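Here is what each chain is made of, one letter per residue.
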Amino acid sequence: MPVLECDVDAARDRLTDAGVAVESGNTDHERWRASRGGATAVAYDDKIVIQGSDPRELEALLREGGGRAHVYFDGGARGNPGPAGIGWVIVTGDGIVAEGSKRIGRATNNQAEYEALIAALEAARDYGYDELHVRGDSELIVKQVRGEYNTNDPDLREKRVTVHELLTAFDEWTLEHVPREVNSRADELANEALDQG
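Since the structure is predicted, the reported quantities are computational estimates derived from the model, not experimental observations.

A. How the structure looks around the packing of helix α3 (residues 109-127) against helix α5 (residues 154-167). The interhelical angle for the contact between α3 and α5, taken along N-to-C directions, is 15°, at an axis separation of 10 Å. Overall, the two elements α3 and α5 adopt an arrangement that is roughly parallel. Remark: the crossing between α3 and α5 carries left-handed chirality. The residues of α5 that touch α3, namely those facing Asn110, Gln111, Tyr114, Glu115, Leu117, Ile118, Leu121, Glu122 and Arg125, are Asp155, Leu156, Lys159, Arg160, Thr162, Val163, Leu166 and Leu167. Grouping the amino acids of the contact of α3 with α5 by side-chain chemistry returns eight nonpolar, three polar and six charged.

This is the structure we're talking about:
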């Protein structure tokens, strides 16, 4: 349940500008309430509490945007191809801001890695970060995106184009290969997604 300490009047304006209906609070302590995408934001004097199953969209709208984040991604398949899952984490100086995981059906390991990177970049874009430092433990994907490796696989080439399009949303970005132990949370999330199947 995300809690944002912020100027609640400015946050209300951001929601209104985005077309989200803002209603009066239900108690004397609540300034206002707004709902979207399976989540509800409740404003108090100096903070907003977001409740619900999928707070990401509302949280992204309420955050002031900008700033720097570190993104970790991982994808994997059981069999190659086989059932596949992805995981990603966004971290700032405040700790973990968001994380996600899901099964993506049947894919190769490399397809799953790209899908994880795409999902992570979409989330970071939605949160409005200016500067992104992306880390993954797939050397192949990192080097393909950075242009150090080519690929003959048309599906991977298409995913690489999608990644480059998403990266244009950021003023500055880096992408680096890290050992699996540095990427452990994203790896855990990808495996949790697979285990839920």
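We are not done yet, so read on.
B. Expanded view of the sheet that holds strand β1 (residues 3-5). Reading across the sheet, the five strands line up as β1-β5-β4-β3-β2 and stay open at both edges, with antiparallel pairing between neighbours. Of all the strands in the sheet, just β1 and β2 (22-24) have a single pairing partner and so form its edges. Neighbouring strand axes in the sheet, compared pairwise and without regard to direction, differ in orientation by 25° on average. Strand direction decides the pairing type here: strand β3 (residues 32-36) and strand β4 (residues 39-43), joined by five bridges, are antiparallel. Bridging from a neighbouring strand, Arg33 pairs with Val42 of β4. The sheet contacts of helix α1 (residues 8-17) involve β2, β3, β4 and β5 (47-52), and relative to β3 the element is tilted by about 35°.

Criteria and thresholds
Residues numbered from 1 in each chain as written. Predicted model: local features only at pLDDT ≥ 70, side-chain atom pairs only at ≥ 80, totals over all residues. Heavy atoms only, no water. Axes fitted to C-alpha atoms, helices over the stretch in contact; angles between N-to-C directions. Helix = DSSP H or I, 4+ residues; strand = E, 2+ residues; numbered from the N terminus. Parallel < 35°, antiparallel > 145°, perpendicular 65-115°, else oblique. Left-handed = near helix turned anticlockwise from the far one by under 90°. Contact = heavy atoms within 4.5 Å. Nonpolar A, V, L, I, M, F, W, Y, C, P; charged D, E, K, R; others polar. Pairing = 2+ DSSP bridges.

So, to be careful, I would describe these as geometric facts and stop short of saying anything about function.
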